Amino acid sequence: MLKLWLKANRPRAFALAAISVVFQAMSAYSLYLISPQLNSLIGGNFAWLLRLALLKLALDLSGNLLLAVNSYLFSQQSQEAIDSYRQKRLRGCYEGDEQWKPADVQNDLVNNLQVINQDYWQSIFYFVNNVLYAFFVSVAILSFNWQLVLCAWVIALVALFVPKLFEEKSSTATESAALCNQKYLQALEQWLSAIEELRRFSLKKILCQKLGQDSRQLEDARVSRQGCLSVAGFAQEVVDDLGIVGVPFLAGLLYFKGQVAFGAIIAAGYLANGVFSSLQEAFSAYISAKSTTKLNEAMLGKLKVQPSLRTEEAQTIIGRGLELNFGGQVLKYPDFTIKAGEKVLIAGPSGCGKSSLLKLLLGQVKPSQGSLTFLNSQGKEIPNPARSFEYLPQEGWIFPGTIADNLTMYDSKKQGELAEVLKKVGLERDFPKAADLDREVSPRQADLSGGQKQKIFLARSLLYAKKVSLMDEPLSALDHDSRQKILPLLLKRPQTLLFVGHNLTADERRQFDQVISLKEGEDFAN
């Protein structure tokens, strides 16, 4: 994830490093000026004292300006890195074959990226700046006496070991908090999506109880993680206090031996405090950054997606000995062979596995037994070409945008075909004016009826003539007249059609080339 941050904008990353070096050098030199100022005061040299005070003021003001610029540039760099990750992750979700849960992707693109930004990128930024400050302050202490630097860095080396004691535990605690957050988001999605049904059954207590359990687990995980970081911070402060007291004490001994000026005693105290406070923050940042190790690996791993291979169009689909195991219930499908252009009806009572057969063809579920074979025009076997299939599920998708966007799938070239397609599916009565098609809709909007949605999905299908179409009860929400009008239209198309139908009339069934009849129970036959 650090490489991702650096690559977001390389010139800006270089500028951040340069500004950090200059800022920390200026801050250390400003603190060093305490020694000559005290010596000038003791020596009665007021003019030199005034010059030094003005110089220190200029350094402090310039440092504040550089700090503000650096913070702004860091924020820009981090936001570009976040956007870069989101784009790559979404491309991976789109191009890969793996099925992603929406809550998992949301957790990565919002919560986990926030953790990476705050606990990894910011921590590394603070770590680098504090180490730079400790270095320049050490150079300032060296100008007084080498023994003071040695004392400071001996204690610093001891302090470097402290974070290692808590690294593994804090990393595990961070991973646990991320998993609990993911589980909580999934629970919210599962329960709140059915909030109306919960209201009808007066299940407020159950809702609060179920979500409360996951919420408490999340908060416990966060408290546990913070506890690990707090204990590590306390151990670090103990070591720092030893240094803050020890360095001025040594400076006092050197003063009495005539090896340093009086101003060095006071300055050494401030400088030592600067060393150890900066090291304390650096080590805390180090622990925080290391605590995200497992999360970093997981987030980067999700970017390594093998793009789905482009395959040829399937001319023949063959199913042999297909079985699907649903929690102990075995669904056995009849053998079938579907040739290009055939219209196939998948019929049977509710719950007999009709929709599941479409999901098998789409590769969304894997058969426990049997095989699905796809052949090209030369009769050679090809990988599952499901991405080239058209699929109309029982509950289709409305996307954010206008009604026209949902019909054309954001392709302006399809606008010229809209009027004809609207007439074919009977939508010209629902949206008689061009302005009606520019109305904004959203997935959660409820002002489209079930019939209107199905007609939108059917119109979308007509606009995009796929060679293989899988339709799961696409006419279930339509009235009788609309069904009589649209079904023949679908059957006249040259594409291969697998049509899940329920309660079709004998005349409607006869219009299909082939019927796969499924029955309730374990064994299905034609």
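Cut-off values and rules
Residues numbered from 1 in each chain as written. Predicted model: local features only at pLDDT ≥ 70, side-chain atom pairs only at ≥ 80, totals over all residues. Heavy atoms only, no water. Patch = residues over 30% accessible without salt bridge, like charges linked within 9 Å, V, L, I, M, F, W, Y side chains within 5 Å. Areas by Shrake-Rupley, 256 points an atom, 1.4 Å probe, with all protein chains shown as cover. Salt bridge = Lys/Arg side-chain N within 4 Å of Asp/Glu carboxyl O. Lys, Arg positive; Asp, Glu negative; His and termini not counted. Charge placed at Lys NZ, Arg CZ, Asp CG, Glu CD. Helix = DSSP H or I, 4+ residues; strand = E, 2+ residues; numbered from the N terminus. Pairing = 2+ DSSP bridges. Axes fitted to C-alpha atoms, helices over the stretch in contact; angles between N-to-C directions. Contact = heavy atoms within 4.5 Å. Phe/Tyr/Trp six-rings, centres within 6.5 Å; stacked < 30°, edge-to-face > 60°. Buried < 20%, exposed > 50% of the residue type's maximum accessible area, 1.4 Å probe, protein only. Lys NZ or Arg CZ within 6 Å of the ring centre and 35° of its normal. Arc of directions from axis to C-beta. Parallel < 35°, antiparallel > 145°, perpendicular 65-115°, else oblique. 1 Å grid on protein atoms, 1.4 Å probe; cavity = no way out; pocket = protein on both sides within 12 Å on 5 of 7 lines; lining within 4 Å. Points joined across faces, edges and corners; volume = space filled by probe spheres on them. Nonpolar A, V, L, I, M, F, W, Y, C, P; charged D, E, K, R; others polar. Left-handed = near helix turned anticlockwise from the far one by under 90°. Core = buried A, V, L, I, M, F, W, Y, C linked by side-chain atoms within 4.5 Å. pLDDT = per-residue confidence, 0-100.

On the surface, a cluster of positive charge is contributed by Lys 3, Lys 7, Arg 10, Lys 88 and Arg 91. At the level of secondary structure, the elements contributing two or more residues to the positive patch comprise helix H1 (2–8) and helix H4 (46–95). Mapping Lys 88 onto the fold places it in helix H4.

Right, let's get into the sheet that holds strand E7 (residues 390–392). Spatial ordering of the open sheet is given by E7-E10-E11-E4-E12, a layout of five strands whose pairing is parallel. What marks the edges here is a single partner per strand, and that holds for E7 and strand E12 (514–517). Neighbour-to-neighbour, the strand axes of this sheet turn through a mean angle of 15°, independent of strand direction. On top of the sheet, helix H17 (residues 480–492) reaches strand E4 (343–347), strand E10 (468–472) and strand E11 (496–500); it is set at about 145° to E11, its chief contact.

Right, let's talk about the packing of aromatic side chains for a bit. Throughout the structure, instances matching the rule amount to nine aromatic pairs. Relative to Phe 125, the ring of Phe 74 has its centre 4.5 Å away and its plane inclined at 25°; by these criteria the two rings are stacked. With Phe 74 in helix H4 and Phe 125 in helix H5 (residues 102–142), the pair connects residues that are 51 residues apart, well separated along the chain. Each of the two residues, Phe 74 as well as Phe 125, counts as buried. Summarising the aromatic geometry, the rings of Phe 499 and Phe 512 are spaced 5.6 Å apart at their centres and angled 50° between planes, so their arrangement reads as tilted. Taken together, the positions of Phe 499 in strand E11 and Phe 512 in the loop between helix H18 (506–510) and E12 put the pair 13 residues apart, joining distant regions of the chain. Phe 512 shares its class with Phe 499; the two are buried. Taken together, Trp 5, Phe 74, Phe 125 and Tyr 126 form an aromatic cluster joined through their ring pairs. Lying across the ring of Tyr 464, Lys 414 places its NZ or CZ 4.8 Å from the centre.

This part takes up the pattern of salt bridges. Across all of its chains, the model carries 13 salt bridges by this definition. Residue Asp 108 is joined to Lys 302 by a salt bridge in which the shortest nitrogen-to-oxygen separation is 2.8 Å. Placement of Asp 108 in helix H5 and of Lys 302 in the loop between helix H11 (293–301) and strand E1 (316–326) is noted, with a sequence separation of 194 residues between them. With a shortest N-O distance of 3.9 Å, Asp 430 and Lys 455 are connected by a salt bridge. Highlighted residues: Asp 430 in the loop between helix H14 (418–425) and helix H15 (434–437) and Lys 455 in helix H16 (residues 450–463), separated in sequence by 25 residues. Sharing partners across several salt bridges, the network here consists of Arg 89, Asp 108 and Lys 302.

Mapped onto the secondary structure, Ser 288 falls in helix H10 (residues 262–290). Among all residues touching Ser 288, those that are not within four sequence positions of it are Asp 119, Ser 123 and Arg 225.

Our focus in this paragraph is H11. Owing to its 3.6 residues per turn, the α-helix aligns residues three or four sequence positions apart on the same side. If you check which residues of H11 are buried, you get Leu 295, Asn 296 and Met 299. For H11, the angular spread of buried residues about the axis comes to 100°, placing them on one side. Where H11 is buried, its residues meet H4, H5 and helix H7 (167–192).

As a further point, take the packing of H7 against H11. Axis separation between H7 and H11 bottoms out at 7 Å; the angle between their running directions is 50°. Between H7 and H11, the angle is such that the two are oblique. Together, Glu 168, Ser 171, Thr 172, Glu 175 and Ala 178 of H7 and Thr 293, Lys 294 and Leu 295 of H11 make up the contact between the two elements.

Here we come to the layout of surface pockets. Of the voids in this model, the second largest pocket is the one considered here, and its volume is about 460 Å³. Together, 24 residues line the second largest pocket, and Gln 24, Tyr 126, Asn 129, Asn 130 and Glu 281 are the ones closest to its centre. Elements with a minimum of two residues in the lining of the second largest pocket: helix H2 (10–32), H4, H5 and H10. Considering each element in turn, the lining of the second largest pocket owes the most residues, nine residues, to H10. Grouping the amino acids of the lining of the second largest pocket by side-chain chemistry returns eight nonpolar, 15 polar and one charged.

On to the packing of H5 against H7, then. Working note: a packed helix pair is described by the angle between its axes plus the distance between those axes. Running from amino to carboxyl end, H5 crosses H7 at an angle of 130°, the nearest separation of the two axes being 9 Å. Judged by the angle between their axes, H5 and H7 are oblique. In this structure, the crossing between H5 and H7 has a hand that is right-handed. In this structure, H5 contributes Pro 102, Ala 103, Asp 104, Asn 107, Asn 111 and Asn 112 to the contact, and H7 contributes Ala 178, Asn 181, Gln 182, Leu 185, Gln 186 and Glu 189. Its residues placed into classes, the contact of H5 with H7 shows four nonpolar, six polar and two charged.

Looking now at the nonpolar core. One finds Val 137, Ile 141, Leu 148, Val 247, Leu 271, Phe 276 and Leu 279 to be the most contacted residues of the largest nonpolar core, which totals 34 residues. Residue assignment for this core shows that the elements contributing at least two residues are H2, H5, helix H6 (146–161), helix H9 (204–256) and H10. It is H10 that provides the largest number of residues to this core, a total of ten residues. In contact with Val 137, other than residues within four places in its own chain, are Ala 28, Leu 271 and Val 275. In terms of nonpolar packing, the next biggest core, distinct from the first, is built from 33 residues, Ala 347, Val 425, Phe 457 and Leu 475 among them.

Moving on, we come to the confidence of the model for the protein chain. Low-pLDDT stretches of the model should not have their predicted coordinates read in fine detail. When the pLDDT values of the protein chain are averaged, the result is 86; 96% of them are 70 or greater. Mean pLDDT values for the elements of the protein chain range from 74 in H6 up to 95 in E11. With pLDDT under 50 throughout, residues 522–526 is counted as low confidence; its partners more than four residues away or in other chains account for 18 contacts.

Here we take up a nonpolar patch on the surface. Taken together, the side chains of Ile 42, Tyr 255, Phe 256, Phe 262, Ile 266 and Tyr 270 present a nonpolar region at the surface, about 640 Å² in accessible area. At the level of secondary structure, the elements contributing two or more residues to the nonpolar patch comprise H9 and H10. You can see Ile 42 is positioned in helix H3 (residues 34–43). Looking at Ile 42, the relative accessible area reads 56%, which means it is exposed.

Here Leu 362 lies in helix H12 (residues 354–362). Once the C-alpha coordinates of Leu 362 and Ser 388 are considered, the two residues, 26 residues apart in sequence, prove to be 9.8 Å apart. Once residues lying within four places of it in the same chain are set aside, the contact partners of Leu 362 are Asn 384, Ala 386, Phe 389, Tyr 391 and Leu 470.

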